[in-house]
Amino acid sequence: MPIIKNPDDLYLLRVGQGGVLGSISNITEDGFGSAAFHAFPSPLQIDGLLGDYGSNFFGYAVNTETYITMSKELGCLSFGGNIKKEGDWIHVKITIGAN
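Residues numbered from 1 in each chain as written. Predicted model: local features only at pLDDT ≥ 70, side-chain atom pairs only at ≥ 80, totals over all residues. Heavy atoms only, no water.

S.K.: How do you make sense of the pairing of strand E4 (residues 75-79) when you look at a structure like this?
M.R.: Bridge count between strand E3 (residues 67-71) and E4: five bridges; the pairing is antiparallel. Looking at the pairing, methionine 70 lines up with cysteine 76 of E4. The antiparallel pairing of E3 with E4 creates a hairpin that spans three residues between the two strands. (Pairing = 2+ DSSP bridges. Helix = DSSP H or I, 4+ residues; strand = E, 2+ residues; numbered from the N terminus.)

Below, the structure is given as C-alpha cells:
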C-alpha cells in the first residue's frame, strides 16, 4: 500500500492518475501501441511507425491502482473505478487495468 504524504491534496491525485493513464493514450483502435504522439500542430498524430511501447506499458502496469477518497466539494470519489453509494456502503467496480 502506498504512503499518502498529502491526503488532502486532490490535485496531486488527479495529476498522478492522469500521468499513469497518459501512457495508454497512444494505443490505436486496432491495438497498435505507439511510443509517441506528435503534438506539434503540423502532424498532430500518433506515430504509426515506431512501436516501442514496452516502457509505456510497463509504467502503466506497475503503477496502476484504484483510489477512493472523500472530497468536501464533490463527495466520495474513485480514481480507477466506478463508485456507487448505497446507504452506509460504498461499492467500487475496478476499471483501471481491466475490461
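Read on for the rest.
S.K.: Help me understand helix H1 (residues 10-22), please; the structure alone is not making it clear to me.
M.R.: It helps to recall that an α-helix has 3.6 residues per turn; residues three or four apart then point in one direction. Taking 1.5 Å per residue, 13 residues should reach 18 Å; H1 reaches 18 Å between its end C-alpha atoms and fits that length. Turning to H1, its buried residues number three or more, namely Leu13, Gln17 and Val20. Buried positions in H1, seen along its axis, are confined to an arc of 60 degrees and lie on one side of it. Exposed and oriented more than 90 degrees from the buried face of H1 are Tyr11 and Gly19. Close packing links the buried residues of H1 with helix H2 (54-63), E3 and E4. Two or three places before tyrosine 11, at the start of H1, stands the capping residue aspartate 9, its side-chain oxygen 3.2 Å from that residue's backbone nitrogen. (Expected span 1.5 Å × (residues − 1). Buried < 20%, exposed > 50% of the residue type's maximum accessible area, 1.4 Å probe, protein only. Arc of directions from axis to C-beta. Contact = heavy atoms within 4.5 Å. Polar contact = N/O pair within 3.5 Å; in protein donor to acceptor, adjacent residues only side chain to side chain.)

S.K.: What should I look at first to understand the confidence of the model for the protein in this one?
M.R.: Detailed reading of the predicted coordinates is not advisable wherever pLDDT falls low. Averaged over every residue, the pLDDT of the protein is 81; residues scoring 70 or more account for 88%. When the elements of the protein are averaged for pLDDT, strand E1 (residues 37-38) gives the smallest value, 72, and strand E6 (residues 89-94) the largest, 94. (pLDDT = per-residue confidence, 0-100.)

S.K.: Would you mind going over the side chain of glutamine 17 with me for this structure?
M.R.: Take glutamine 17: it is sitting in helix H1. Residue classification places glutamine 17 among the buried positions, given a relative accessible area of 10%. Those residues within four positions of glutamine 17 in sequence are excluded, and the remaining contacts are Glu65, Tyr67, Phe79, Gly80 and Ile96.

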